[in-house]
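# Understanding the architecture of this molecule
Each chain, letter by letter, is given below.
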Amino acid sequence: PQQRVKLIGVDVDVNTNILAKANMLLHLAESVRDPHTTTDALNQALANTFILLNENETLGALLHPPRNSVDAILTNPPYVTRGSKIYRREIDQVTDTRNGVLLSDYFDSGGLGVESLFLRYISGALKPGARAFVIVPLGLLNRTGNRMKSELLSECNVIASIALPRNAFFNTAVPTYILVLERRRTAVQSRPPVFCAIARSIGETLDHERVPTPDDNDLADIAELFVNYVPGDHKDVSAATPLLGSPIVKLVPSDEFRSDERWDVYRHWTDDE
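Predicted model, so just to flag it, every value in this text is computed and none were measured.

### With respect to the pairing of strand 4 (residues 126-137)
- Of the strand pairs in this sheet, strand 3 (residues 70-75) and strand 4 are connected by five bridges, and their pairing is parallel. Pairing of Ile73 across the sheet is with Ala132, part of strand 4.
- Sheet topology places strand 4 next to strand 6 (residues 176-183); seven bridges connect them, and they run antiparallel. The partner of Ile135 across the bridge, within strand 6, is Ile178.

### A few points about empty space enclosed by the protein
- Scanning all chains against the criterion turns up one cavity of 30 Å³ or more.
- One number sums up the size of the largest cavity: a volume of about 50 Å³.
- Every residue along the wall of the largest cavity is listed here: Ser109, Ser116, Leu119, Arg120, Ser123, Met148, Glu151, Leu152 and Glu155.
- Considered class by class, the residues forming the lining of the largest cavity number three nonpolar, three polar and three charged.

### Remarks on the packing of aromatic side chains
- A complete count under the given rule lists six aromatic pairs for this structure.
- Between Phe195 and Phe226, the aromatic rings sit 5.2 Å apart at their centres with planes inclined by 85°, giving edge-to-face as the arrangement. Linking Phe195 in strand 7 (residues 194-198) with Phe226 in helix 9 (residues 218-228), this pair joins segments that are 31 residues apart in sequence.
- Chaining the aromatic ring pairs together yields one cluster made of Phe133, Phe195, Phe226 and Tyr229.
- Sitting over the face of the ring of Tyr106, Arg120 holds its NZ or CZ atom 3.9 Å from the ring centroid.

### Brief notes about unusual backbone geometry
- A positive phi angle, close to 50°, is found at Asn68, a residue other than glycine.
- In this fold, Asn68 is placed in the loop between strand 2 (50-52) and strand 3.
- The backbone of Asn99 sits at a positive phi, close to 55°, despite the residue not being glycine.
- When you line up the elements, Asn99 lands in the loop between helix 4 (85-92) and helix 5 (103-106).

Definitions and cut-offs
Residues numbered from 1 in each chain as written. Predicted model: local features only at pLDDT ≥ 70, side-chain atom pairs only at ≥ 80, totals over all residues. Heavy atoms only, no water. Pairing = 2+ DSSP bridges. Helix = DSSP H or I, 4+ residues; strand = E, 2+ residues; numbered from the N terminus. 1 Å grid on protein atoms, 1.4 Å probe; cavity = no way out; pocket = protein on both sides within 12 Å on 5 of 7 lines; lining within 4 Å. Points joined across faces, edges and corners; volume = space filled by probe spheres on them. Nonpolar A, V, L, I, M, F, W, Y, C, P; charged D, E, K, R; others polar. Phe/Tyr/Trp six-rings, centres within 6.5 Å; stacked < 30°, edge-to-face > 60°. Lys NZ or Arg CZ within 6 Å of the ring centre and 35° of its normal.

These figures come from the coordinates and say nothing about function on their own.
Have a look at this one:
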């Protein structure tokens, strides 16, 4: 199989890795039927795409942080606050360098929870100008006076903060957001306004049945607006500027997303709105 884009999926769990490979094999059904495709070629494609990093079953991918090498990241990192000290302890016990960095120094950016460690992992992995789309818990965005946010802003711009409805993920009652980050090209680069949005629906019911609701999908509308929005075209944006007249999307000045500010979005809508 020929790949125009190099895709890499990383996980610490053996069964998740196997399931991902099986899912990819289903999507390669046409190649499987092609008599020119060998089993070795399929095995190589699966092995190159999905990487099992369980040398340290606590740290997983954090043990080998990529540096300045990735064009795009899509991820839903684990949310662990209580008991997260074990991750710090494991990091401190790694005394040799990994990918040219000492982990105890590399991940010393403050912040509570494992998601803070993964945000550091993500920001360091991106190439200049590359983007990451990260599912994060609301609690991480609401923390102020946070050194983790300051460190993150030193490397990245916040491009978007998108609120998802409660129970958007079937087994996660915690309110979640899509946080979009872009690696800064230079230290003096200006910061674009932040694309803020509130998704009330996601194209399916939010109960256990998950019935498709294609006519009720704020997330799809937000995605279309985001794709058509080009940061840099709205330099004179004022606070809470509606984007294209949409009631669920606004452009907010970047100074509202400082390290000492909350990064949630509801505060940019009035009670009437």
